[in-house]
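# Geometric and topological summary
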Amino acid sequence: MSARATATSPAAPQSHGKSHRKSQRAGTSASVRPSGRAAILLLAVFLLAMVSIAPTRVWLDQRSRLRDLERQAAQLEAANARLAERIADLRDPETLERLARECLGMVEPGEIAFITVPRDGAPTPPPC
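Residues numbered from 1 in each chain as written. Predicted model: local features only at pLDDT ≥ 70, side-chain atom pairs only at ≥ 80, totals over all residues. Heavy atoms only, no water.

### Some thoughts on the overall build of the protein
Secondary structure assignment for the protein yields three helices and zero strands. Moving toward the C terminus, one meets the helices and strands of the protein in the order α-α-α. Per element, the accessible surface of the protein, about 12,000 Å² overall, is 62% carbon and sulfur. (Helix = DSSP H or I, 4+ residues; strand = E, 2+ residues; numbered from the N terminus. Areas by Shrake-Rupley, 256 points an atom, 1.4 Å probe, with all protein chains shown as cover.)

Dropping the structure here:
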């Protein structure tokens, strides 16, 4: 039995020593340099990020400008709708007659126009 003990005893320290060295290497593996592929991949990602900054900025600016133009278009469409209503109102004969009487002081033939004058001066024109 002693021969077996001597044969196995030298092998035991060798394997124990190797595993001990491996654990020491694993503990210091935080300072491992990246491989060539990792460096190339990192460089490619960096270049892609740098190249995409300007187009992204332009896209965001255009999106903001588009929102502003859409808001302005909505305001102009609302103003156009109000003006279309005003045009339709001014084409109405009753509205034209009312404006002619109130703003211009016009009367139909045979009618008599009266203008009230305040005591302290000239009459004020109507707000037309």
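### Description of the confidence of the model for the protein
Overall, the predicted model of the protein reaches an average pLDDT of 81, with 77% of residues at or above 70. In the model of the protein, helix α1 (residues 2-27) stands out as the element of lowest mean pLDDT, 51, in contrast to helix α2 (residues 36-90), which has the highest, 94. (pLDDT = per-residue confidence, 0-100.)

### As for α2
An ideal rise of 1.5 Å per residue puts 81 Å on 55 residues; α2 measures up with 80 Å between its terminal C-alpha atoms. Roughly 30° is the biggest bend found in α2, and it falls at Ile-53, with proline Pro-55 one to four residues downstream. (Expected span 1.5 Å × (residues − 1). Bend = angle between axes of the 7 residues up to and from the residue.)

### Describing the state of the cysteines
As enumerated under the stated definition, the model contains one disulfide in all. Here Cys-103 connects covalently by a disulfide to Cys-128, the sulfurs 1.6 Å from one another. Across the disulfide from Cys-103 to Cys-128, rotation about the S-S bond amounts to roughly -95°, and the bridge is consequently left-handed. One end of the pair, Cys-103, is in helix α3 (residues 93-104); the other, Cys-128, is in the segment after α3, with 25 residues separating them in the sequence. For Cys-103, a relative accessible area of 26% corresponds to the partly exposed category. (Disulfide = S-S within 2.5 Å. Buried < 20%, exposed > 50% of the residue type's maximum accessible area, 1.4 Å probe, protein only.)

### Regarding the pattern of salt bridges
Pairing is possible between side chains of opposite charge, provided their charged atoms come close. Here the structure, examined in full by the defined rule, presents five salt bridges. Each of Glu-97, Arg-101 and Glu-111 takes part in one network of salt bridges that share partners. (Salt bridge = Lys/Arg side-chain N within 4 Å of Asp/Glu carboxyl O.)

### What about a nonpolar patch on the surface?
The grouping of Leu-43, Phe-46, Leu-47, Met-50 and Ile-53 at the surface amounts to a nonpolar patch, some 490 Å² of accessible area in total. Relative to the elements of secondary structure, Phe-46 occurs in helix α2. (Patch = residues over 30% accessible without salt bridge, like charges linked within 9 Å, V, L, I, M, F, W, Y side chains within 5 Å.)

### Looking at α3
The end-to-end C-alpha separation of α3 is 15 Å, in line with the 16 Å expected for twelve residues at 1.5 Å each. Following α3 by one or two positions, Gly-105 adopts a phi angle in the positive range, close to 70°.

### Topic: the environment of Glu-111
Checked against the element boundaries, Glu-111 lands in the segment after α3. Side chain to side chain, Glu-111 and Arg-101 meet in a polar contact 2.7 Å long. (Polar contact = N/O pair within 3.5 Å; in protein donor to acceptor, adjacent residues only side chain to side chain.)

### Things to note about the environment of Pro-126
Among the structural elements, Pro-126 can be located in the segment after α3. Along the chain, Pro-126 and Gly-105 lie 21 residues apart, while their C-alpha atoms are 9.6 Å from each other. With residues up to four places along the chain from it excluded, the contact list for Pro-126 reads Glu-102 and Cys-103. (Contact = heavy atoms within 4.5 Å.)

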